[in-house]
Amino acid sequence: MRVRVKLHGGVRSCEMDPARSSFGLTLRNGGNAGDLLHALAERCGDPFRRALDSTDERLPRHLRLFVDGEMLVTLDQPVVPANGSDAGVTVVVLTPMMGG
Amino acid sequence: MMTTEAASQVYEDTWIPSACGMCYNQCGIRGHRIDGTLVKVEGNPDNPIGRGRLCARGLAGIQLLYDPHRVNRPLRRTNPEKAIGGDPGWQEIGWDEALDEITTRLKAVREEDPRGLYFAGTVISLAPLMHALGTFLPAFGTPNSFVSDGHHCGNAEHILARTLHASVTTNPDVAHCSYLLLFGCQAGLGTYYALTTMAQDVADARIRGMKVVAIDPFLGSAAEKADEWVPIKPGSDGALACAMLNLLLNEYELYDADYLRDHADGPYLLTEDGWYARDRESGRPLVWDANAAYARPFDATDLGTVALDGVYQVDGRPCRTVFRALREQVAKWTPEAAAEVTTVSAETIRKIAREFGEAASIGKTIVIDGQELPHRAASALYFKGAHGHDNAWSTSLAIELLNEVIGASNVPGGLLGTNPVCFGHPETGFPRWEPGADVDGLLEAGALLYNDPHGRSPGWPPPPTSAELPNLRDLVGWPITTCFTPAALNDHENFSFDHRPEVLINYGSNLLMSAARPEVCFEAFKDTFVICFNLHSDETAEALADIVLPDTSYLERLDPIPNFTRHHHPVGMGDWGHTIRQPMVEPLFERRHFSEVLLELGGRLGITEPMNLLTNHLYGLVAPHALAPDEQYTWREIADHAYKGWFGEERGLDWFEEQGVITWPKKVEEVYWKPFIHARAPLYNEWVKRSGEQVAKIAQERGMKGIDTEGFVPLPDWKPCRAWKPRDGYDLQAIYYRVPWHTFSMTYENPWLDEISRGEPYSYFVCINTATAHAKGIADGDPIEVEGVDGGTIRGRARLTQGVHPEVLAVANNGGHWAQGMPFARGKGVFFNQLLPMDLEHTDLVSLSMDCDARVRVQKVPEA
Ligand code: SF4
């Protein structure tokens, strides 16, 4: 299933073509935040790759993923619903500030 | 022309509830407005923050509103030569012109490299600061933010408040305390968190019989009211605390074994190389099961009696418990050894340690609201006087552990985190936050600044990864604030950043006066396009700003949830109180609210969507109260969403404008949460040891010099700070102290507060011990010059007093303004920070605390 990804903040430069405001990624039906991170790490490298090094089941502090406006907290939260309808994914990377 | 009768007609006479903003404490206030003019500000008795009390600054706030020297319209520099003390040649311009130019510059920076935007702020304007840090800057894409008053911030205290109390800071539970030990701190007696509420609570406790001992080189606001003043050499508080730990643990045996075993990592086993001994399969820390006589994971379900003290064989190697390691670590700190360092007599050290340990009433319980809880009636609190040195981490740890060993941590009578547990409003369950345990069973902080709707924020701060950010967030990411950025920008030898500051937004901070000697910040930003959003044309604006934007004061602006979010609530039982800051009068002249301007800039820059998402995150907003990503909201609409998200559809902005504050009673399980939440306090800081190794590795790989990781110690010890030791004829230590009627440097422009300073004999002088002065031929009132061994010279008049340690000079904080735009403040008091360099050498790398004292010599000089 295709999801549209918008990158903002500190990861904006990861977008290959700065002229485009978003790009598409394919995730499996029922794909979760962990799957999305893998796909982003493949396409953009750091800081998504660094996030995958974590052994924590929660998303790292410096990365915030919003799906249809709702923030994801754990890696196993779904990004693409099991029924396969498209999700609008906005990825915002927080800056490391105020105690990380 | 108005007739006399018409002139005396009152068309409006109203009281408006709001929140004070003269310091970070956000006390509840109400303002009396008559015919559009604010005539009085007083405390709001309905608000649990302050409970109707205001300090002198709060009462004097009205002078800030009508100050004729405020910046009222945007200003543009016409003199291209930037200089400290120079004349910028201000020219008034319109908002459109100012914002057009700022937008053009920010667009260019964002296109080229968003990290070219730098931001400096002040904690005094906390809610707008958080809005900028939490939404605008990350949405723009820059990590380059810093807080200029980070030099005077809690630093190490905030780290330990987090690891031991799941909070940003702490306060003692004086309602149940009999013995309060203050290390370089003035809680309830001078300046500190929840000042006005604490002042009443401490007064009540003292009537009840609570003893206060103030350990301080200067007889300041706390020491002068204390039962006992213990003058100490600055920077040596850690040695005193280590000696007290030694006495409590090794001589008097006054410690809470049950607490240390069950609520701290006291029984965790340590390998010889200083790591937790861990279970091979699960990786969990091991403890010694005395019944089974072997080491088992701390969370094994059928553990027998767990050993707190001792050395045990694990896989054929000796492993000490953390508790044993702590006892051994502090054993060298005999009272006599500490007396040499601190100048406090061994006898006094013994007395204080015994009084503190006995006051704790270890083993006793108390019933509060039907719950039986441990009652530990002693508390040790510390702040900048103790940890404003380059040995900050270790000093702070030693003092904190005084509370831990007697079990006085988040139980009645002890040291309480500032409200780390909240179950939310009874009708909505918001706002909610609570800490939990990590996989090692250790306390993991709950939401600190962002509000996770689930009440938790993820994980520990990230480990050191690099040294590419001037604020060092990637090298040492755990301190809340720092002002190190300018020093890093200037240190070309160590830090070769691949971007430079193109634009600096400086919100409310007076960098040149707040963060060490002014040359440091001037040098870092003199080639940067600087926008100052401020109340006055201050020293920073006049030296550096290209454009000055007129800010609203706290009496002219709306801040939803200004006490962001719980850190300014008083600790202990009582009520929660979530409040509003609202305009008492519409903004005068062309002043504008910083947050509103950021919203407009966000729209102009095309970053509204991420700003809205991050606003939801900041306030923990979920549907139906979350902001829609694509909509452009006004500040009032955002406030409405925030209030409704927390307190229900019927309690939006209108409700808060009318009512001012919402209250509900705290629960015992929220206030004294330690017995209820199973998360151990880490006495042993394995994470600091690990971080030290990572920082050293990064420094070595990058060829950085001056990165001293010796201070990354898991247990407390003491080493001298740079100013502690006499050098080359520089025989004194200069310190600054805080007076309770000033906040950083801004309030010096307030005529009522100036009047207090003028009527008070010390704060506009340099205080020197009478005997020391006589030995140097200095008389009271003589003009003197104080010269720092690390550079910097200040001048002032001597005030001879026995209320200062004989080896110390004491100066009140942040006087000595020189800006043309602050005529009331100009030339009043002494500018202490001129003596303070800002560099790695004077910085505790664990906490990014900087030496706030200086090794100096003093001489009498001729009258100017
Ligand atoms: S303590 Fe701070 S917030 Fe409270 S009245 Fe004083 S200045 Fe205002």
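Residues numbered from 1 in each chain as written. Chains lettered and ligands numbered in written order. Predicted model: local features only at pLDDT ≥ 70, side-chain atom pairs only at ≥ 80, totals over all residues. Heavy atoms only, no water.

**Quick word on the pattern of salt bridges**
Residues and elements named next belong to chain B. Applying the stated rule across the entire model yields 69 salt bridges over all chains. Here Lys82 and Asp546 are joined by a salt bridge, their closest N and O atoms 2.7 Å apart. Residue Lys82 is found in the loop between β4 (75-76) and β5 (91-92), and its partner Asp546 is found in the loop between α18 (539-544) and β25 (547-550); the two are separated by 464 residues along the sequence. Look at Lys82 and you get buried, because its relative accessible area is 17%. With relative accessibility at 16%, the residue Asp546 sits in the buried group. Bridged by salt links that share partners, the residues Asp309, Arg320, Arg324, Arg327 and Glu328 form one connected network. (Salt bridge = Lys/Arg side-chain N within 4 Å of Asp/Glu carboxyl O. Helix = DSSP H or I, 4+ residues; strand = E, 2+ residues; numbered from the N terminus. Buried < 20%, exposed > 50% of the residue type's maximum accessible area, 1.4 Å probe, protein only.)

**A few points about the side chain of B:Thr321**
Residues and elements named next belong to chain B. By secondary structure assignment, the location of Thr321 is in strand β16 (residues 317-321). Exposure remark for Thr321: the relative accessible area of 0% places this residue in the buried category. Within polar-contact distance, the side chain of Thr321 engages the backbone oxygen of Leu308 at 2.7 Å. Non-local contacts of Thr321, meaning those with residues more than four positions away in its chain, are made with Gly266, Pro267, Tyr268, Leu269, Ala307, Leu308, Asp309, Gly310 and Tyr312. (Polar contact = N/O pair within 3.5 Å; in protein donor to acceptor, adjacent residues only side chain to side chain. Contact = heavy atoms within 4.5 Å.)

**Considerations on the environment of B:Ala223**
Residue and element names in this part refer to chain B. As for its placement among the helices and strands, Ala223 is situated in the loop between β10 (211-215) and β11 (228-230). Since its relative accessible area comes to 5%, Ala223 is described here as buried. For Ala223 and Cys185, which are 38 residues apart along the polypeptide, the C-alpha to C-alpha distance reads 9.3 Å. Not counting the four nearest positions on each side in its chain, Ala223 is found in contact with Ala214, Phe218 and Trp229.

**Remarks on the sheet that holds strand β29 (residues 732-737) of chain B**
Residue and element names in this part refer to chain B. An order of β29-β33-β30-β32-β31-β36 is seen for the 6 strands of this closed barrel, with the pairing classed as mixed. Put simply, the sheet's adjacent strands are angled 45° from each other on average, direction ignored. Both strand β30 (residues 766-769) and strand β32 (residues 793-801) contribute to a ladder of 4 bridges, which runs parallel. Bridged to Cys767 within β32 is Arg799. (Pairing = 2+ DSSP bridges. Axes fitted to C-alpha atoms, helices over the stretch in contact; angles between N-to-C directions.)

**Things to note about the domain arrangement of chain B**
All names here are of chain B. Taken domain by domain, chain B consists of domain 1 (75-153 + 463-569 + 572-632) and domain 2 (732-860). Summarising the inter-unit geometry, the C-alpha centres of domain 1 and domain 2 are found 28 Å apart. Counting from both sides, the interface comprises 36 residues of domain 1 and, opposite them, 36 residues of domain 2. Taken together, both faces of the contact between domain 1 and domain 2 bury some 2,800 Å²; the carbon and sulfur share is 65%. For the pair domain 1 and domain 2, the interface holds 14 residue pairs in polar contact (both at pLDDT 80 or more). Mapped onto the side of domain 1 that touches domain 2, the elements with two or more residues apiece are α15 (485-490), α16 (511-514), α17 (518-525) and α18. (Domains from an automatic or database assignment. Buried area = accessible area lost by both parts, 1.4 Å probe.)

**Some remarks on the sheet that holds strand β28 (residues 661-665) of chain B**
Residues and elements named next belong to chain B. An order of β26-β27-β28 is seen for the 3 strands of this open sheet, with the pairing classed as antiparallel. Edge positions in the sheet fall to β26 (559-560) and β28, since each of these pairs with one other strand and no more. Two elements, β26 and strand β27 (residues 575-581), share 2 bridges in a ladder whose sense is antiparallel. Within β27, the residue paired with Asp559 across the bridge is Arg581.

**A few points about the nonpolar core**
Residues and elements named next belong to chain B. Counting residues in each nonpolar core, the largest one holds 139 residues, and the members touching the most others are Leu181, Phe183, Met244, Phe356 and Phe525. It is helix α8 (residues 237-251) that contributes the most residues to this core, 10 residues altogether. Viewed by domain, this core spans two of them, domain 1 (75-153 + 463-569 + 572-632) and domain 2 (732-860), each represented by three or more residues. With residues near it in sequence (within four places) discarded, Met244 still touches Leu181, Phe183, Ile349, Ile352, Ala353, Phe356 and Leu402. Of all hydrophobic cores here, the second largest spans 92 residues; its members include Cys422, Ile547, Ile580 and Trp664. (Core = buried A, V, L, I, M, F, W, Y, C linked by side-chain atoms within 4.5 Å.)

**Topic: the packing of aromatic side chains**
Residue and element names in this part refer to chain B. Counted by the stated rule, this structure contains 34 aromatic pairs over all chains. Consider the rings of Tyr118 and Phe525, whose centres lie 6.2 Å apart with planes at 70°: the pair is edge-to-face. Of this pair, Tyr118 sits in strand β6 (residues 117-121) while Phe525 sits in helix α17, placing them 407 residues apart in sequence. Here Arg105 stacks its cationic end above the ring of Phe529, 3.8 Å away from the centre of that ring. (Phe/Tyr/Trp six-rings, centres within 6.5 Å; stacked < 30°, edge-to-face > 60°. Lys NZ or Arg CZ within 6 Å of the ring centre and 35° of its normal.)

**Details of the packing of helix α4 (residues 95-112) of chain B against helix α19 (residues 594-605) of chain B**
Residue and element names in this part refer to chain B. Between α4 and α19, the shortest axis-to-axis distance is 10 Å and the interhelical angle comes to 55°. The orientation of α4 with respect to α19, classified from their angle, is oblique. As for the relative orientation of α4 and α19, their crossing is right-handed in sense. For the pair α4 and α19, the contacting residues are Trp95, Leu99, Asp100, Ile102, Thr103, Leu106, Lys107 and Arg110 in the first and Val597, Glu600, Leu601, Arg604 and Leu605 in the second. Looking at the contact of α4 with α19 residue by residue, the class counts come to 7 nonpolar, 1 polar and 5 charged. (Parallel < 35°, antiparallel > 145°, perpendicular 65-115°, else oblique. Left-handed = near helix turned anticlockwise from the far one by under 90°. Nonpolar A, V, L, I, M, F, W, Y, C, P; charged D, E, K, R; others polar.)

**Looking at the environment of B:Phe183**
All names here are of chain B. Structurally, Phe183 can be placed in strand β9 (residues 179-183). On the accessibility criterion, Phe183 (0% relative accessible area) is buried. Along the chain, Phe183 and Asp237 lie 54 residues apart, while their C-alpha atoms are 7.1 Å from each other.

**Considering the pairing of strand β2 (residues 28-34) of chain B**
Residue and element names in this part refer to chain B. Examined bridge by bridge, strand β1 (residues 13-19) and β2 share 7 bridges and lie antiparallel to one another. From the neighbouring strand, Pro17 faces β2, where its bridge partner is Arg30. Here β2 folds back onto strand β3 (residues 37-43) in antiparallel fashion, the turn holding 2 residues, of which Asp35 has a positive phi close to 50°.

**Let's talk about the environment of B:Tyr276**
Residues and elements named next belong to chain B. Along the chain, Tyr276 turns up in the loop between β12 (269-270) and β13 (286-289). According to the relative accessible area criterion, Tyr276 is buried, its value standing at 4%. It is 52 Å that separates the C-alpha atoms of Tyr276 and Leu535, two residues lying 259 residues apart in sequence. Excluding residues that lie within four positions of it along the chain, Tyr276 makes contacts with Asp265, Tyr268, Leu269, Leu270, Thr271, Pro285, Val322, Leu442, Tyr684 and Glu686. In terms of polar contacts, Tyr276 uses its side chain to reach the side chain of Asp265, at 2.6 Å.

**Some thoughts on helix α20 (residues 608-619) of chain B**
Residues and elements named next belong to chain B. The end-to-end C-alpha distance of α20 is 16 Å, a good match for the 16 Å that 12 residues give at a rise of 1.5 Å each. Taken across its 12 residues, α20 has 12 buried, putting it largely inside the fold. Within α20, burial applies to Thr608, Glu609, Pro610, Met611, Asn612, Leu613, Leu614, Thr615, Asn616, His617, Leu618 and Tyr619. The first or second residue beyond α20 is Gly620, which carries a positive phi of 65°. (Expected span 1.5 Å × (residues − 1).)

**Section: unusual backbone geometry**
All names here are of chain B. Following Phe430, the chain continues to Pro431 via a peptide bond in cis, the omega torsion being -15°. With respect to the secondary-structure elements, Pro431 resides in the loop between β20 (415-417) and β21 (436-437). Along the chain, Ala623 connects to Pro624 via a cis peptide bond; the corresponding omega equals 5°. Mapped onto the fold, Pro624 is located in the loop between α20 and α21 (635-647). A positive phi angle, close to 45°, is found at Asp369, a residue other than glycine. Along the chain, Asp369 turns up in the loop between β17 (365-368) and β18 (371-374). Among the residues examined, Asp369 registers a relative accessible area of 62% and is labelled exposed.

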